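Residue-level structural notes
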Amino acid sequence: MSTTSISPVAAPAAWTPRARAQHGTARWALARVEARRILAHPVFLLGMAASVAPLADGSGQVAPLTLAGQPWYPAGIALLYVTCLAASRARRDGAQDIYSAGPLAARVRTQAALLSLAAPALAVAALTLVAAIVMAGTDAVLVFEDARYGLRPLELAQGAVFIALTGTLGVLVGSGTKRAYPAAVGALLLLVPPVPWLSWFVLGDGVPSAFHGGEAGGDYNTFALSVGASVGWHLVGLAGLSTLAATAALARHDRRPRVALAAAGGLAAAVAGIALGSPVGGVLL
Amino acid sequence: MTHATIRMTDLRKRYGATDAIAGLTLDLGPGVTGLLGPNGAGKTTLMRMLATVLAPTGGELRLLGLDPADPGERTQIRRQLGYMPQEPGFHRHFTAFEFVDYVAILKEMTDTRARHQEVRRVLRDVGLDDVTSRRIRKLSGGMRRRIALAQALLGDPRLLVLDEPSAALDPEQRMRFRELASSLGEERIVLVSTHQTEDVAALCRRVIVMRDGAAAFDGTPAQLGALACDRVWTADERDPRAQLWWRTAEGRHRHVGDPPPGAQLVDPTIEDGYLLVAGPTAAPEEMAA
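Just so you know, these numbers come straight off a predicted model, no measurement behind them. Every chain is numbered independently, its residues counted from 1 as its sequence is written. As they are written, the chains are lettered A onward and the ligands numbered 1 onward, keeping that order. Per-residue local features of the predicted model are confined to residues with pLDDT of at least 70, and side-chain atom pairs are confined, for both listing and counting, to 80 or more; whole-chain, interface and lining totals are unaffected and use all residues. Each side-chain value is worked out from all heavy atoms of the structure, with water and hydrogens disregarded.

**Describing the confidence of the model for chain A**
Residue and element names in this part refer to chain A. Of the residues in chain A, 80% reach a pLDDT of 70 or more, and the chain-wide mean stands at 81. The model gives residues 1-20 a pLDDT under 50, and that stretch makes 50 contacts with residues more than four places away or in other chains. Confidence over residues 281-285 falls short of pLDDT 50; this stretch has 15 contacts with residues more than four positions distant or in other chains. The pLDDT value expresses, per residue, how confident the predictor is, ranging between 0 and 100. Between two residues, a contact is recorded if the distance between any of their heavy atoms is within 4.5 Å.

**Some points on the pairing of strand β6 (residues 159-163) of chain B**
Residues and elements named next belong to chain B. Whether a residue is buried, partly exposed or exposed follows from its accessible area with a 1.4 Å probe, protein chains only, as a fraction of its type maximum: under 20%, in between, or over 50%, in that order. Only runs of H or I of at least four residues qualify as helices and only runs of E of at least two qualify as strands under DSSP, and these elements are numbered from the N terminus. The buried count for β6 comes to five of five residues, which makes it a mostly enclosed element. Neither face of β6 is exposed, since L159, V161 and D163 on one face and L160 and L162 on the opposite face are all buried. For strand β5 (residues 81-84) and β6, the ladder comprises four bridges, and the chain directions are parallel. Within β6, the position partnered with M84 by the bridge is L162. Handedness rule for crossovers: strands pointing away from the viewer, path from the first strand over the helix to the second running clockwise, crossover right-handed. Handedness of the β6-helix α6 (residues 171-184)-strand β7 (residues 189-193) crossover: right-handed. At least two bridges found by DSSP between two strands are what make those strands a pair.

**Some words on the nonpolar core**
Core analysis: the largest hydrophobic core is formed by 70 residues, its most contacted members being B:F99, B:I147, B:L162 and B:L224. In terms of residue count, the dominant contributor to this core is helix α3 (residues 96-106) of chain B (nine residues). Other than its neighbours up to four places away in sequence, B:L162 contacts B:M47, B:M84, B:L149, B:A152, B:F177, B:V190, B:L191, B:V192 and B:S193. In this structure, A:V82, A:L151, A:L169 and A:V259 belong to the second largest nonpolar core, which totals 47 residues. Note on terminology: a nonpolar core comprises buried Ala, Val, Leu, Ile, Met, Phe, Trp, Tyr and Cys residues joined through side-chain atoms within 4.5 Å.

**Digging into the interface of chain B and chain A**
At the junction of the two partners, chain B supplies 54 residues and chain A supplies 39 residues. Regarding the contact of chain B and chain A, the summed buried area is about 4200 Å², with carbon and sulfur atoms giving 60% of it. A per-residue breakdown of the area chain B buries against chain A is headed by B:Y102, B:L106 and B:E108, which together make up 16% of the total. A pairing counts as a salt bridge when a side-chain nitrogen of Lys or Arg comes within 4 Å of a carboxyl oxygen of Asp or Glu. Summed over the shared surface of chain B and chain A, the result is two salt bridges. In this structure, A:R37 engages B:E98 in a salt bridge whose closest nitrogen and oxygen atoms are separated by 3.6 Å. Pairs of N or O atoms are called polar contacts if they sit within 3.5 Å, as long as, within protein, a hydrogen donor faces a hydrogen acceptor (for residues adjacent in sequence, only side-chain-to-side-chain pairs). Inspection of the chain B/chain A interface yields seven residue pairs in polar contact (both at pLDDT 80 or more). Among the secondary structure elements, those contributing two or more residues to the side of chain B that touches chain A are α2 (71-78), β5, α3, α4 (112-125), α5 (141-153) and α6 of chain B. Here the side of chain B that touches chain A takes seven residues from α6(B), the largest share from any one element. Here the quantity called buried area is the accessible surface, traced with a 1.4 Å probe, that two parts lose on coming together, added over both.

**Points about the packing of helix α4 (residues 73-87) of chain A against helix α10 (residues 180-188) of chain A**
Residue and element names in this part refer to chain A. Contact pair α4 / α10: the axes reach a minimum separation of 9 Å and the direction vectors enclose 150°. Relative to α10, the element α4 is oriented roughly antiparallel. Pair α4 / α10 crosses with right-handed handedness. Here I77, L80, Y81, C84 and L85 of α4 lie close against α10, whose contacting residues are A180, Y181, A184, A187 and L188. Each residue gets one of three labels, nonpolar for Ala, Val, Leu, Ile, Met, Phe, Trp, Tyr, Cys and Pro, charged for Asp, Glu, Lys and Arg, and polar for the others, Gly among them. Taken together, the residues of the contact of α4 with α10 sort by class into 10 nonpolar, no polar and no charged. Here the axes come from fitting lines to C-alpha atoms, over the contacting stretch only for helices, and the angles between their N-to-C directions go from 0 to 180 degrees. Throughout, the term roughly parallel applies to angles under 35 degrees, roughly antiparallel to angles over 145, roughly perpendicular to angles from 65 to 115, and oblique to all others. Each crossing gets its hand from how the near helix is turned against the far one by less than a right angle, where anticlockwise is left-handed and clockwise is right-handed.

**Looking at the packing of helix α2 (residues 42-56) of chain A against helix α8 (residues 118-136) of chain A**
Residues and elements named next belong to chain A. One can describe the packing of α2 onto α8 by two numbers: an axis separation of 11 Å at closest approach and a directional angle of 15°. By the angle between their directions, the pair α2 and α8 is classed as roughly parallel. The way α2 lies across α8 gives a crossing that is right-handed. Here α2 contributes F44, M48, V52 and L55 to the contact with α8, which in turn contributes P120, A123, V124, L127, A131 and M135. Considered class by class, the residues forming the contact of α2 with α8 number 10 nonpolar, no polar and no charged.

In structure tokens, the structure reads:
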């Protein structure tokens, strides 16, 4: 042990009640700290690196597929893992007594964990936007072998929404387990289109077949991307799943009616979105 | 209006068929109060209830004049509470500064500049100002103990609940801890659970000895030591009539209990008084007659 000595003790300055912030401010402060930890986590950085590489090379034929968010799959997996670890941190490290003795309620800590997901989602949105401008220019029109395709903002939003969903799933799994590592790995299975009916990314009907090598009308399906569905409904479905996962995480400490209401809304959105926006027929490659 | 007191009335905590706290009635005011007792006496259970992380099974508990069973009042208590658990549980990949800063946010300190100043202050007070950027996993057990103490000091709490704060500290650090706790106790309620009778003797105005979930002694350290007056003696051989005995470094046998006629009485210590009160359960088996 170090022989560091303790300096003579002076009576500490009073922490005035005015200096104490209310829960709302503390929630944002905690969210900022959690966001910074996510963005600096090596696993997340690795996932982002794996995702950005295809973006940089996503020119020509595969550009619409790239911009629809498919490259963010590795980042999503990494984020699920990282948020699962973060959400289980107190339980995993046995620090619950310290957390519980503080005035910040457990539900506020979960809310902060969910809010922190805005950071990776915004990062993905920004990178997608940059990639779109680089590939399609400011007029947002892709050209390949005389085929033209005007990018739609909703298609570009899928990456960010998907990232938010994976983070939310990580918070849900992590907040309910002490064994975060196996739980995180198990939760990753949620991201594999399970019964190939749910594609995580879709392109609408309007994309010319030259861009994806299939026939127009939606028979192009990959591991996580389908063509020929309603992008808007697909986004509704992803947002619904996110809301459902978030409310499930919150419900551990917050049984207020508004949480149940949000869960019901999330469930309805998820069902509607999956039914109308995530076409059956995705094929595992 | 809140009152700087802790009031327990017939306080109970039951785990299955076991009464961890069995009808404890106590009032605590400002100053440092020491809590002694053998393992399993209910010290940590009591500390966790005073820290509002564990709810009593029965009885009444008021902390700083507030009821911890009421969610709103519980939050008010927690805003004035510093708690150092017996096993704090650290995020080992955090640096010392990051961990204490994180706990500071949990205590609703959200102004970054003021919070960082406060974090630096408490780390300085426990003598860790030169290791703030080191990861906790690389710190010694004693340093981690001091991080746990530092987070409890955040925000200048009116009520400090410290569960074995001096465990794993070297003699110099223990002395410094006593100095710190003593100064804190001038205006605050400081409750210290410990196995170190020397700590109690050095810094506590009041000492409570717990046994089987109840207070077996409540008084000053001097009164605790006085219980053993004329009840401690040494002899060349073990005396089976003693309540407790152990072999000293000099090869003699020190006994606590009712001395035989003509016994060579020695000056008692607070530890002798504690052993008399806590009984054989406080001593290793080989010490108990």
